[in-house]
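# Structural characterization, general
The lines below spell out each chain.
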Amino acid sequence: MTRSFLFVHGSARPRGNTEILARKAAEQLPPDVEQRWIDLAEHPLPDFQDLRHDDTRPRARPRPDGDTEALLLDATLAATDIVIASPLYWYSVSATVKRYLDYWDAWLEVPELDFKNTLAGRTLWGVTALADRNEAAADPLVGTLRNTAAFFPMRFGGVLLGNGTRPGHVLNDTEALARAKTFFAREDVPLARFPFGESSYEEE
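A few points on the structure. Throughout, a residue's number is its position along its own chain's written sequence, starting from 1. In view of the model being predicted, local features appear only for residues whose pLDDT reaches at least 70, and side-chain atom pairs are presented and counted only at 80 or more, with totals across whole chains, interfaces and linings using the full set of residues. Computation of side-chain values covers all heavy atoms of the structure but excludes hydrogens and water.

## Thoughts on the pattern of salt bridges
So the rule is basically this: Here, a salt bridge means any side-chain nitrogen of Lys or Arg that lies within 4 Å of a carboxyl oxygen of Asp or Glu.
If you walk through the whole model with that rule in mind, you get eight salt bridges. Salt-bridge contacts for Arg-186 lead to Asp-188; the nearest nitrogen and oxygen are separated by 3.7 Å. When salt bridges that share partners are traced, they join Arg-15, Glu-19 and Arg-23 into one network.

Structure, rendered in structure tokens:
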């Protein structure tokens, strides 16, 4: 499968530090690698509704068609590499990114997608800008993405971190810009693993 990158941008402002850093990393991709960028602010999803245990309706969901959910689903399925570009908001991903990931749960309930097996083996990456100079502040965001990848399991390329507050400040983070030049160059990205060992998740 030819590599195809989907950049899911979930910032509350345009051209912020996270997007700038993500685009710096994307500039290093070979020209034959497809890139698709989706800004969740321009393609908002409605609030997610968990219908799995609603006995008044069938559990299986129909495949979405003709709306924002369908656009994001089709883009997700088409990508070999999914990049979550989210600023660090309250130590985790933005609300729009969290909502997008919540819809992954819905897509697990669309029988013909086989969503879990389809995403297994693909690669999840993250890019974030944070105001705190202690990068450990982003550990919850990193954990969210790593554990999401481990569920399928997907490969997890890690999170590219940059420092910045006002838009454009990340361009002063020379270390982040240096990491961006090689961030997507890894070819031995391992399958994600839960840090707590095997998951004991059971669906009833």
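## What to know about empty space enclosed by the protein
Short version of the rule: Grid points spaced at 1 Å and placed over the protein atoms alone form the basis of the search, with a cavity being a set where a 1.4 Å probe fits but cannot get out and a pocket an open set showing protein on both sides within 12 Å along at least five of seven lines. Lining residues have an atom within 4 Å of a point. Grid points are joined across faces, edges and corners, and a volume is the space filled by probe spheres set on the points. Classes in brief: Ala, Val, Leu, Ile, Met, Phe, Trp, Tyr, Cys and Pro nonpolar; Asp, Glu, Lys and Arg charged; the others, Gly included, polar.
Considering all chains together, one arrives at one cavity of 30 Å³ or more under this definition. Put simply, the largest cavity is a space of about 40 Å³. Leu-40, His-43, Pro-44, Leu-45, Thr-96 and Arg-99 together form the lining of the largest cavity. Residues belonging to the lining of the largest cavity are distributed by class as follows: three nonpolar, two polar and one charged.

## Remarks on the sheet that holds strand S1 (residues 4-9)
We count it as follows: Between any two strands, at least two bridges found by DSSP are needed for them to pair. Only DSSP runs of H or I covering at least 4 residues are called helices, and only runs of E covering at least 2 are called strands; the numbering of each starts at the N terminus. Lines fitted to the C-alpha atoms define the axes, with helices restricted to the stretch that makes contact. Angles between their N-to-C directions range from 0 to 180 degrees. By definition in these notes, contact holds between two residues if any of their heavy atoms fall within 4.5 Å.
The parallel open sheet is built from five strands, whose spatial order is S2-S1-S3-S4-S5. Looking at strand neighbours, the two that pair on one side only are strand S2 (34-39) and strand S5 (155-163), the edges of this open sheet. When the angles between neighbouring strand axes are averaged without regard to direction, this sheet yields 15 degrees. Relative to S2, S1 runs parallel, the two sharing six bridges. Bridge pairing links His-9 to Asp-39 in S2. The strands that helix H3 (residues 95-107) touches are S1, strand S3 (81-85) and strand S4 (123-130); relative to S3, the one it contacts most, it runs at about 145 degrees.

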